[in-house]
Amino acid sequence: MKKDFTNQILDTLRSSGSKGFTARELCDKLRVKRQYREEFFLSLHKLVKNGTVREKKGRYRANKPEKLITAKIISIKEGFGFAGSDELERDIFIPGRALQGAMPGDTVLIRKTQGRGELPEGEVVRISVQSEQPFSGVFRKQGGRCEIVPDSGSKIPVKVAPADALGARDGDKVLAHVTSRGNSHFTHKAAVTEVFGKATSAAACSEAILAASGITKQFSDEVLKFADHISSKGITDKDMQSRLDLRYDLIFTIDGADTKDIDDAVSLEKHEDGWHLGVHIADVSHYVRPNTPLDVEAFERGTSVYYANSVVPMLPPALSNGICSLNPQEDRLAFSALLSLDKTGKLIGYRFEKSIIRSRVKGVYSEINQILSNTADDTIMEKYDGLIKSICDMRELAGILSKRRMSRGGLNLQSTESKILVGGDGRAEEIVERVQGVSEGIIEEFMLTANEAAASLAMERMIPFVYRVHEHPSPEKIENLCTLLDALAVDCSELKKHISSGALARILNAVNGTELQLLVNNQILRSMAKAKYSEVNKGHFGLVLENYAHFTSPIRRYPDLTIHRIMTSLLSGMDDTRLKRKYGNFVKISSEQSSNREQRAMTVERDCEDCYKAEYMTRHIGECFDGVITSVTSHGIYVELSNTIEGMIRIDSLPQGNYDYDGMVELVETSSNTRYRVGKLVRVQVAGADVSAGNIDFVLAQ
């Protein structure tokens, strides 16, 4: 049995004061038996290595205890890394030499050091908990030498023994884990755990991104059997008891043509004094009960993940595409938000009911947009027979709601979304901008209204809840924004006096249609706080709402499922005391998990789509395109094409000269005064595309 002498050595050295001991004196002092001397010297060596003990001229002394910061390694780049924790206001920059071989996910003790830049700087004293998080990368094999170049991190190749390569070939995308830690990233060793295929395939790279992020596409047999059992039972007479029967109301869904997990349907009645809007949401909480295998899996996943032509669902298909999905002409259990609005679109009343509905038709955005633009053919008109008046009324109400939202100062920030069309060979065939039409706007406004009503109910009854919050931007970010606006001669005097969504909206309106529109839009976007989930209602800055939650997508979002459960308990008559006892702690746990999983999903979706965009551009190397500068850095400029694909013009590929970066939005070649500013139109040539990294390189077209 091995012995650890760490504590005994420390106690002895601390009691010796400044005198210290030689290794032999320490060994004698502690009466270390001969068979344990190797363990003794190993313990002493570790104490010196982690900085707890210092050695000088053969004598060992205990260092004075210092305040070390416990943090987690967030990311590692080439030559440096970052660590952070909830206790730190800002992440700590760590130079590569001071990382001590730490990997992303490691829990480390950090000593703060004198920084050279604006960020706080530190060095890793020791790694207290080694992460077992796998990493993805590209496998390289030259002769008998095998290594993996990590996708993220230091990019320093990690050695792999041929026996641990799992049959990977040169250029394959792989998943691996570190099997042996060295004192630096150069001396780590790893083993391949999964091979996905060639790194030139976006599909293979996406599989690796999912795996490295801990997202599992497959469900366990236990979860699948549980879901199949629930689905096979269908809707029973018991399920229908005490439900509001809305099967004969004019209710239908509006979604994308390829949507299979349909979780919302709508209905509308127009009256002389206003509107009765129905937002009917799949009653997922009826099927996914707390602490069942389905619930445990849904909580772990947190959200569905969508990229290219693929989806990793939060719930098994038997539920997400089956018994929970509001498929047309099928009876479905729903949770209905029945909302009353006056002529101006003001929410004047609401009630929530467990219901049973039957959607008349699976509405498709593009088809309804054609109806509303009077371009629909006879086939489409026949499909929506009996619904045309309702669709037109919905357009009218959505317009009123949108106007009302904008009048209270709601932000209408622009951001581009991509639609990736994948061919039969699994490769990106076409990439276009996803355009929001009138019908998409209808559903957005109706869902916003239902979400506001759900949060208002929670605040009215003061019950535990999961809110969707968007806090005010920090004063520091607004100060930086105002500095830029002043430099652009854009009036921001109102914003300086009071940070409000309305002030920002008026700035956007002032530059709308000018060459400054994109620049100002992007800078305001960067100034915003991130929306998140919270058990404490902090309002929603961007929507200018005091109360807001996510109620409308329980098939694909766990926070929605959480509040459905709480509202179900409320409707069943559970009193406030029991509600708080049952859900008071859980809403905190659900909020944190939901926020974390949302952030993970957003990162994965973006990274996967970048791979598909790079794959698409490999077929266009050497071709020229028109684009617009979207951001500027000290090392180059980013240009976005009309199809949403973004690439970088590296500074070393620009015409030779001396370039000055203003730290915000412009790169200037000082001798010629050539300016590259956000919003400027440029013509570029595709110079290269790295599918594995999801990067595209442009150069200025001649």
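Residues numbered from 1 in each chain as written. Predicted model: local features only at pLDDT ≥ 70, side-chain atom pairs only at ≥ 80, totals over all residues. Heavy atoms only, no water.

(A) Structural detail: the overall build of the chain. For the chain, the count of helices and strands is 20 helices and 34 strands. When its C-alpha atoms are laid out on the principal axes, the chain stretches across 95 × 70 × 60 Å. Out of the 702 residues belonging to the chain, those deemed buried represent 49%. Considering only contacts in the chain between residues 6 or more positions apart, those separated by 24 or more positions represent 66%. For the chain, the exposed surface amounts to about 35,300 Å²; the carbon and sulfur share of it is 47%. Averaging the positions of the 93 positive and the 95 negative side-chain charges in the chain gives two centres separated by 10 Å. (Helix = DSSP H or I, 4+ residues; strand = E, 2+ residues; numbered from the N terminus. Buried < 20%, exposed > 50% of the residue type's maximum accessible area, 1.4 Å probe, protein only. Contact = heavy atoms within 4.5 Å. Areas by Shrake-Rupley, 256 points an atom, 1.4 Å probe, with all protein chains shown as cover. Lys, Arg positive; Asp, Glu negative; His and termini not counted. Charge placed at Lys NZ, Arg CZ, Asp CG, Glu CD.)

(B) Structural detail: the sheet that holds strand β2 (residues 53-56). Strands sit in the order β1-β3-β2 across an open sheet of three strands; the sheet is antiparallel. Of all strands in the sheet, those with a lone pairing partner are β1 (21-22) and β2, marking the two edges. Strand direction decides the pairing type here: β1 and strand β3 (residues 59-62), joined by two bridges, are antiparallel. Pairing of Thr-22 across the sheet is with Arg-59, part of β3. Its contacts with the sheet put helix α1 (residues 6-15) on β1, β2 and β3, and the angle it makes with β3 is roughly 90°. (Pairing = 2+ DSSP bridges. Axes fitted to C-alpha atoms, helices over the stretch in contact; angles between N-to-C directions.)

(C) Inspection of the packing of aromatic side chains at higher detail. Applying the stated criterion across every chain, the model contains 14 aromatic pairs. Where Phe-80 meets Phe-82, the ring centres are 5.7 Å apart and the plane angle is 85°; that geometry is what we call edge-to-face. Note on Phe-80: relative accessible area 27%, which makes it partly exposed. A ring pair is formed by Tyr-558 and Phe-586, whose centres lie 6.4 Å apart and whose planes are at 70°; its orientation type is edge-to-face. Here the residue Tyr-558 occupies a position in helix α18 (residues 558-571), and Phe-586 occupies one in helix α20 (residues 586-617), the gap between them amounting to 28 residues. Taking the relative accessible area as the measure of exposure, Tyr-558 reaches 1% and is therefore buried. Residue Phe-586 is classed as partly exposed on the basis of its relative accessible area of 24%. (Phe/Tyr/Trp six-rings, centres within 6.5 Å; stacked < 30°, edge-to-face > 60°.)

(D) Up close: the environment of Leu-294. Mapped onto the elements, Leu-294 comes out in helix α8 (residues 293-301). Other than its neighbours up to four places away in sequence, Leu-294 contacts Val-223, Phe-226, Ala-227, Ile-230, Tyr-287, Val-288, Pro-316 and Leu-319.

(E) Structural view of the sheet that holds strand β28 (residues 636-641). As summarised here, the arrangement of the five strands in space is β27-β28-β29-β34-β33, forming a closed barrel in which the pairing is mixed. Taken pair by pair, the neighbouring strands of this sheet meet at an average axis angle of 50°, ignoring direction. Looking at chain direction, strand β27 (residues 624-633) and β28 are connected through six bridges and run antiparallel. Each residue of the ladder has a partner; that of Thr-633, found in β28, is Gly-636. Strands β27, β28, β33 (681-690) and β34 (695-700) of the sheet are contacted by α20, whose axis makes an angle of about 50° with β34.

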